[in-house]
Every structure is written in C-alpha cells, then in structure tokens.
Amino acid sequence: MSAPGLDTWLESIFVDSGPPLAPTIPSVGDGRPAEYEETEGSARPLNDLLFRPLTPPVNNASNISVSTTFHPAANLLPIPSDLILVSSDGVVFYVHTTQVLGMSDNYFNGIVSRNKIAGNSTPTPWVPETGTVLNVILHSVYKVSCAHYMPDLDTLVSAVDAMPSYGLSPKTHVAPHTALYDLLLGIAPIQPLKVYSLASRHDLYELARPVSSHLLALPLDALTDDVARTIESVYLKRLFVLHIRRLHALRGLLLPPPHPHPATEGCSFEQQRHLARAWTLAASYLAWESRADVSPSVIEGALASLSEHLRCRQCKNALADRIKELLARWSFVQASYPPSAHAGLCASCPTTRVP
C-alpha cells in the first residue's frame, strides 16, 4: 500500500498521455555532464549513486528517489514503461509489465495483479525489498548487468535469496555466463564460504563447483554450527568429500620412495635404505600436517631438503626425479567438483586419474 497522495504525485509528475518525459537525471544545474552531481560544493561521480532523491509535495513521503537505470526515459524496451515499483525505502523504478511478468511465474509475488494491469492508471505497488536489492533483481529481470553499481556481496545474496518469492528462478538468473553469475564468481575468492552457502541453498551447482576450489584452504574443523546450517547438507558433504579425496590422493602419491639404483662401490643397497627411510619420515610429516590446498612449493621444499644429506650422485638424481614425478601427478588431482552434479559424491570413489 502506498503512502497517501504518493500515487497521485507520481502520476502527475511522471505519467503522461503524451511521449515519455526526459530522464530525471540528464545533467546537474550548471550544465555539466550527468556523471557528476554537486553536493555541498564538491562533485562526486554519479556512478557511485543508485538513485537521485526527489522531494514530492506530500506529507508522508518526504524523500523519494528515482532509479538511475529504471527511469521514465530509460528506453530499456521499445515500448514505454507502464508499471512503477516502489521499494521499502522509497526508491521508484519504472518498469514494464510484459518484462516483469514474462520472467515471474507468480505475478511478482502477487504485487502485479491482473486487476492492476487491467486498470487505466499506472499501478504503483510497493515492494518489501530495499532499493539496492530490488535494483539487482530488476537488472536480472531485464538481463542486464548491474556491475557498474558495484553491489556488495550481502546485497547480491539478499537479491538471489529473494528471487523465488517473486517467481524468479535463481537457476535461470545465476546460470553460467549471466551477469549475476559473473559478479558472484568474481567475489568468490574473497568470500568463498558465503558464495558457496548461497549456491547450496538454491542448488546452483555450476556456481558451487568453481567456488569449491577456493575453500580448499578452509580448515573443516573451523566450521561452526551456525555456518554449517547455512549450507545445504548435500553441498556440505561434497565439500568434505573434496577435502578427503585430495588428502587421500596426496598420501597415495607420497607413499613410494625414490627408485633405488644398482649398488656401487660408494653406495650400497644398505646406504640407499637410509634415503628410503628419510623419505618415509618426510612423507609422513607432509601427509599428517598438510591441508587439501597444500602447494607444490611446500611439498618440494620438504622433500628436496633430503638431498643435503646425500653424497651419492645417483641417489640425488633419483630423489629429484621422484619429486618431479610427484609434483606432476599432484597437479592433476581434482581441485574442485567434477563437471557432473551426480559424480564424486562418495569419499571412496577413485580420484581423478593421473598419468
């Protein structure tokens, strides 16, 4: 329900039987380009602003803002806008019923009803989301990027979580190669757990799969109960299995010691056993202390130090060849989910084959 008098004010200011009015933010008062707006004597980029505040002549709506993307003359579609959405914090969005209802399967949570569409005046329904969240949702509805607004992760998460209530499918709007997918994937290296949790709630496998590689550094025992509850059980299991399989693979790769060489006058088989025992001790340390994201440099550093205690040239060469083989095979071990959502759910399943 709108504030008293707001519908009339919006109707009189922006809705006209003639051609669409000019954009509400074409320029500032002194004629400078629209990308700058004066604020108490200092200019700031308008790209940092989502909305421009207006002051309507009504008592109960003292500060109304109009979206800088969804304004009356935005020309997002060849037809003029015929629907005004007002966010919970008083931001006005001019949109098209055909576009909104074409994407929604529940009349945008019943906000855009058949009766309002059939009416003569432009409907002005209020939406319970904030302006920043509704802005992201409507950009997805129109299949355009909102990256230039630089929304933070909390805003993106709130927008995706709100989509089902408006009859919008996150699997459609956060699919690979969509603008929202790219935004979330770009933030994932900084806050992977929050993005992964979002992906799990909406079964966004194609988003969770690349994000899972950023969670290899996460100690699983550091997951609190509250955080674990935000991740759907299947995706929580997949994360644990990914860690377990990589650690199992590492232990298997570390097990064989360097190949022995034929006994020589300066290096007998008994002396070569010292290298095998030293390798086993170093490998045990790595297998016990390493995490799923252990880097090749850490592995190489721990094992290459054994060469300092060797005098035999052939033993040193055998050690170097064994480390090189180990690092090559470790690079082939799966660092994220398999491409199929139905593969790799069992910790006992074989890991990715390596040469």
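Check the entry above for the structure.
Quick look at the structure, then. (Residues numbered from 1 in each chain as written. Predicted model: local features only at pLDDT ≥ 70, side-chain atom pairs only at ≥ 80, totals over all residues. Heavy atoms only, no water.)

### Quick look at the pairing of strand β5 (residues 83-86)
- Burial of the side chains of β5 extends over both faces: Leu83 and Leu85 are buried on one face and Ile84 and Val86 on the other.
- Two elements, β5 and strand β6 (residues 91-95), share four bridges in a ladder whose sense is antiparallel. Its bridge partner being in β6, Ile84 is matched across the sheet by Tyr94.
- Following β5, the chain reverses through four residues before pairing antiparallel with β6; Gly90 in that reversal takes a positive phi of roughly 85 degrees. (Buried < 20%, exposed > 50% of the residue type's maximum accessible area, 1.4 Å probe, protein only. Helix = DSSP H or I, 4+ residues; strand = E, 2+ residues; numbered from the N terminus. Pairing = 2+ DSSP bridges.)

### Some points on the packing of helix α11 (residues 233-254) against helix α14 (residues 313-331)
- Packing of α11 against α14 leaves a shortest axis separation of 10 Å and a crossing angle of 160 degrees. The angle between α11 and α14 places the two elements in the roughly antiparallel class. Remark: the crossing between α11 and α14 carries right-handed chirality. Contacts from Arg246, Leu250, Leu253 and Leu254 in α11 reach Arg322, Leu326, Arg329 and Trp330 in α14.
- Broken down by class, the residue content of the contact of α11 with α14 amounts to five nonpolar, no polar and three charged. (Axes fitted to C-alpha atoms, helices over the stretch in contact; angles between N-to-C directions. Parallel < 35°, antiparallel > 145°, perpendicular 65-115°, else oblique. Left-handed = near helix turned anticlockwise from the far one by under 90°. Contact = heavy atoms within 4.5 Å. Nonpolar A, V, L, I, M, F, W, Y, C, P; charged D, E, K, R; others polar.)

### Quick notes on the packing of aromatic side chains
- Evaluated as defined, the whole model comprises four aromatic pairs.
- A ring pair is formed by Phe70 and Tyr142, whose centres lie 5.3 Å apart and whose planes are at 55 degrees; its orientation type is tilted. Taken together, the residues span a long stretch of sequence, with Phe70 in the loop between β4 (64-67) and β5 and Tyr142 in the loop between α4 (131-141) and α5 (153-162) at a distance of 72 residues.
- The class for Tyr142 is buried, based on a relative accessible area of 8%.
- Taking the centre distance of 6.3 Å and the plane angle of 75 degrees together, the rings of Tyr196 and Tyr235 count as edge-to-face. With Tyr196 in helix α8 (residues 192-201) and Tyr235 in helix α11, this residue pair connects regions lying 39 residues apart in the sequence.
- Its relative accessible area of 0% is what places Tyr196 among the buried residues.
- In this structure, Arg238 packs its charged tip against the face of Tyr235, placed 4.8 Å from the ring centre. (Phe/Tyr/Trp six-rings, centres within 6.5 Å; stacked < 30°, edge-to-face > 60°. Lys NZ or Arg CZ within 6 Å of the ring centre and 35° of its normal.)

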